[in-house]
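Residues per chain, in single letters:
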Amino acid sequence: MRCTKCRGQEACLEVRRHNAAFCEACFLEFFRDQVARAIERHKMFRRDEPVLVAVSGGKDSLALWDVLLDLGYDATGFYIGLGIPGYSEPSREKCEAFAAQRGARLIVTDLESEYGLGIAATAQRTMRTPCSACGLSKRYLFNKVAQEHGFRVVATGHNLDDEAATLFGNVLRWQTGYLGRQAPVLAEEDGFIRKVKPLYRLAEREMAAYCVLRGIDYIVDECPMSKGAKSLLFKDVLNQLEAVSPGTKQSFLFGFLEKAQPLFEEHEEVELRPCGQCGQPTTAELCAFCRLRAEVAQPKRRRGRGGKAARAPRDGTPEPATAASALPLVSPES
Ligand code: AMP
Ligand code: FES
Ligand code: ZN
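These figures come from a predicted structure and were not determined experimentally.

A. Spatial organisation of the overall build of the protein. When helices and strands are tallied, the protein shows 12 helices and 10 strands. Counting over 334 residues, the protein shows a buried share of 51%. For the protein, contacts bridging at least 24 residues in sequence account for 71% of all contacts bridging at least 6. Here the protein displays about 16,000 Å² of accessible surface, and carbon together with sulfur accounts for 51% of that area.

B. Main features of the side chain of Glu 242. Within the element layout of this structure, Glu 242 appears in helix 10 (residues 230-244). Despite its burial, Glu 242 remains without a salt bridge, the nearest opposite charge being carried by Lys 249 at 4.9 Å. Leaving out residues up to four positions away in the same chain, Glu 242 has contacts with Arg 17, Gly 247, Thr 248 and Lys 249.

C. Region of interest: the coordination of the zinc ion (ligand 3). Summarising the metal site, the zinc ion (ligand 3) is bound by the protein donors Cys 275 (SG), Cys 278 (SG), Cys 287 (SG) and Cys 290 (SG), whose distances to it range over 2.2 to 2.4 Å. One way to put it: the four donor atoms around the zinc ion (ligand 3) meet at angles of 104 to 114 degrees, and that makes the site tetrahedral. Counting along the primary sequence, the residues that act as donors to the zinc ion (ligand 3) give the motif C-x2-C-x8-C-x2-C. The exposure classification of Cys 287 matches that of Cys 290, with both residues buried.

D. Main features of the sheet that holds strand 7 (residues 185-186). Read from one edge to the other, the open sheet built from six strands follows the order 5-4-3-6-8-7, with strand pairing classed as mixed. Two strands in the sheet have a free side with no partner beyond their single neighbour: strand 5 (106-110) and strand 7. Bridging between strand 7 and strand 8 (residues 194-196) involves two bridges; their strand directions are antiparallel. Residue pairing in the sheet places Val 185 in a bridge with Val 196 of strand 8. Strands strand 3 (51-54), strand 4 (75-81), strand 5, strand 6 (153-155) and strand 8 of the sheet are contacted by helix 6 (residues 130-148), whose axis makes an angle of about 135 degrees with strand 4.

E. Inspection of the packing of helix 1 (residues 24-41) against helix 2 (residues 59-70) at higher detail. In contact at an axis separation of 11 Å, helix 1 and helix 2 are set at 85 degrees when each is read in the N-to-C sense. Looking at the two axes, helix 1 sits roughly perpendicular to helix 2. Only Ala 63, Val 67, Leu 68 and Asp 70 of helix 2 make contact with helix 1, whose side of the interface consists of Phe 31, Arg 32, Val 35 and Ile 39. The residue inventory of the contact of helix 1 with helix 2, partitioned by class, reads six nonpolar, no polar and two charged.

F. Broad picture of the site of ligand 1. Around ligand 1 sit 13 residues, and of these Ala 54, Val 55, Phe 78, Ile 80 and Gly 157 come closest. Gly 157 has a polar backbone atom sitting 2.9 Å from an oxygen atom of ligand 1. Relative to its unbound accessible area of 480 Å², ligand 1 is 76% covered by the protein chains. Among the elements of the structure, strand 4 and helix 6 are those that each provide at least two residues to the shell around ligand 1. At three residues, the largest contribution of residues to the shell around ligand 1 is made by strand 4. For the shell around ligand 1, the per-class residue count stands at seven nonpolar, five polar and one charged.

G. Layout of the nonpolar core. Counting 54 residues, the largest nonpolar core has Phe 27, Phe 31, Val 35, Phe 45, Trp 65 and Leu 68 as the members making the most contacts within it. In terms of residue count, the dominant contributor to this core is helix 1 (eight residues). Non-local contacts of Phe 45, meaning those with residues more than four positions away in its chain, are made with Ile 39, Val 51, Leu 68, Tyr 73, Val 153, Arg 194, Val 196 and Pro 198. In terms of nonpolar packing, the next biggest core, distinct from the first, is built from 32 residues, Ile 107, Tyr 115, Leu 117 and Cys 223 among them.

H. Representation of helix 10 in the model. The end-to-end C-alpha distance of helix 10 is 22 Å, a good match for the 21 Å that 15 residues give at a rise of 1.5 Å each. If you check which residues of helix 10 are buried, you get Phe 234, Lys 235, Leu 238 and Glu 242. Seen end-on, helix 10 carries its buried residues on one side only, within an arc spanning 100 degrees. Away from its buried face, by an angle of more than 90 degrees, helix 10 presents the exposed residues Gln 240, Ala 243 and Val 244.

I. Local environment of the confidence of the model for the protein. For the protein, per-residue confidence averages 90 on the pLDDT scale, and residues scoring 70 or more make up 90% of the total. Taken together, the stretch residues 303-310 has pLDDT below 50 and engages in 14 contacts with residues farther than four places along the chain or on a different chain. Low confidence marks residues 320-334, where pLDDT is under 50. Its contacts with residues over four positions away, or in another chain, come to 51 contacts.

J. Expanded view of a negative patch on the surface. Side chains of Asp 190, Glu 266, Glu 268 and Glu 269 sit close together on the surface and give a patch of like negative charge. Considering the arrangement of structural elements, one finds Glu 266 in the loop between helix 11 (248-264) and strand 9 (273-274).

K. View of the environment of Arg 181. Relative to the assigned elements, Arg 181 resides in helix 8 (residues 176-181). Look at Arg 181 and you get buried, because its relative accessible area is 14%. When the C-alpha positions of Arg 181 and Pro 262 are compared, they lie 9.1 Å apart, and in sequence the two are 81 residues distant.

About the criteria used
- Residues numbered from 1 in each chain as written.
- Chains lettered and ligands numbered in written order.
- Predicted model: local features only at pLDDT ≥ 70, side-chain atom pairs only at ≥ 80, totals over all residues.
- Heavy atoms only, no water.
- Helix = DSSP H or I, 4+ residues; strand = E, 2+ residues; numbered from the N terminus.
- Buried < 20%, exposed > 50% of the residue type's maximum accessible area, 1.4 Å probe, protein only.
- Contact = heavy atoms within 4.5 Å.
- Areas by Shrake-Rupley, 256 points an atom, 1.4 Å probe, with all protein chains shown as cover.
- Lys, Arg positive; Asp, Glu negative; His and termini not counted.
- Salt bridge = Lys/Arg side-chain N within 4 Å of Asp/Glu carboxyl O.
- Donors = N, O, S within 2.8 Å, 3.2 Å for Na, K, Ca; no water.
- Tetrahedral: all angles 85-135°; square planar, octahedral: opposite > 155°, others 65-115°.
- Pairing = 2+ DSSP bridges.
- Axes fitted to C-alpha atoms, helices over the stretch in contact; angles between N-to-C directions.
- Parallel < 35°, antiparallel > 145°, perpendicular 65-115°, else oblique.
- Nonpolar A, V, L, I, M, F, W, Y, C, P; charged D, E, K, R; others polar.
- Near = heavy atom within 4 Å.
- Polar contact = N/O pair within 3.5 Å; in protein donor to acceptor, adjacent residues only side chain to side chain.
- Core = buried A, V, L, I, M, F, W, Y, C linked by side-chain atoms within 4.5 Å.
- Expected span 1.5 Å × (residues − 1).
- Arc of directions from axis to C-beta.
- pLDDT = per-residue confidence, 0-100.
- Patch = residues over 30% accessible without salt bridge, like charges linked within 9 Å, V, L, I, M, F, W, Y side chains within 5 Å.
- Charge placed at Lys NZ, Arg CZ, Asp CG, Glu CD.

Below, the structure written as structure tokens:
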């Protein structure tokens, strides 16, 4: 098959939802165009604005960091050591190797040694699933560390598959608060910096192809804690639909963003104040992260899940539940 773009070279990758097949050079151009289009269409950040890129060592976030550097943006990496045995260490090494190779700056924070909140141990000591403690900690540190280093925007590697799966989960449970906050850009507000997802137009398999073509060495293993997570099941279901009807995921997500998301936006004023301990914005006396730290520091005992459900996280990502868990999703407070 010939490349449908240049019509000269042999195609190496088919992108069925675009009715296209690309040679290496045209695929890289397509990839960059999709990222550039996302950034411009949603005014994610300006050319001269430093961006903090949250990198996990996986294909999505390293591809994002690479393409932003390539497009000429001032992109600094940010890696959080999550304290997951056998996974966190090699993930950090991939990020460090990428930074060294590209001469880029990488900021590293460690949940376990700096905050006493390694994910494996935290999940054992609390009623939270690992992914829930992990999501809460990441959201918190993205904001805090970005502010400490003077960034006004943080970019994550969420791709089309991630966003479609999150949307699917939110729709199945009609999580209207989350739906209102699921967008490629969350504007800066009341102590929360801007959050952007420049890869939302590109699918997961395009990430892998990009990394291979660009020689990016990433951690292939999925996080061992995410086994059985509902998001994986949702991705699987959507992939089955996509195989029969290419473009389903894209039209599901893009249609939602254009036609439905604004209907779910909540304009009610929430009163935020600085956390009594760390100063990050919260609706309570102490923010959810500081409460988690306090809970982990307590002697171990049985804990209930009581308490009122707080506000949905700003990025529309629900608290992940494992397939084994029949508990309702409770929204964490950012
Ligand atoms: P996940 O929640 O694991 O699907 O990851 C979503 C995005 O969060 C990734 O694409 C990264 O941008 C960011 N991320 C995940 N893990 C880390 C980490 N350990 N440190 C920094 N950013 C991360
Ligand atoms: Fe967060 Fe696996 S990456 S629990
Ligand atoms: Zn706090």
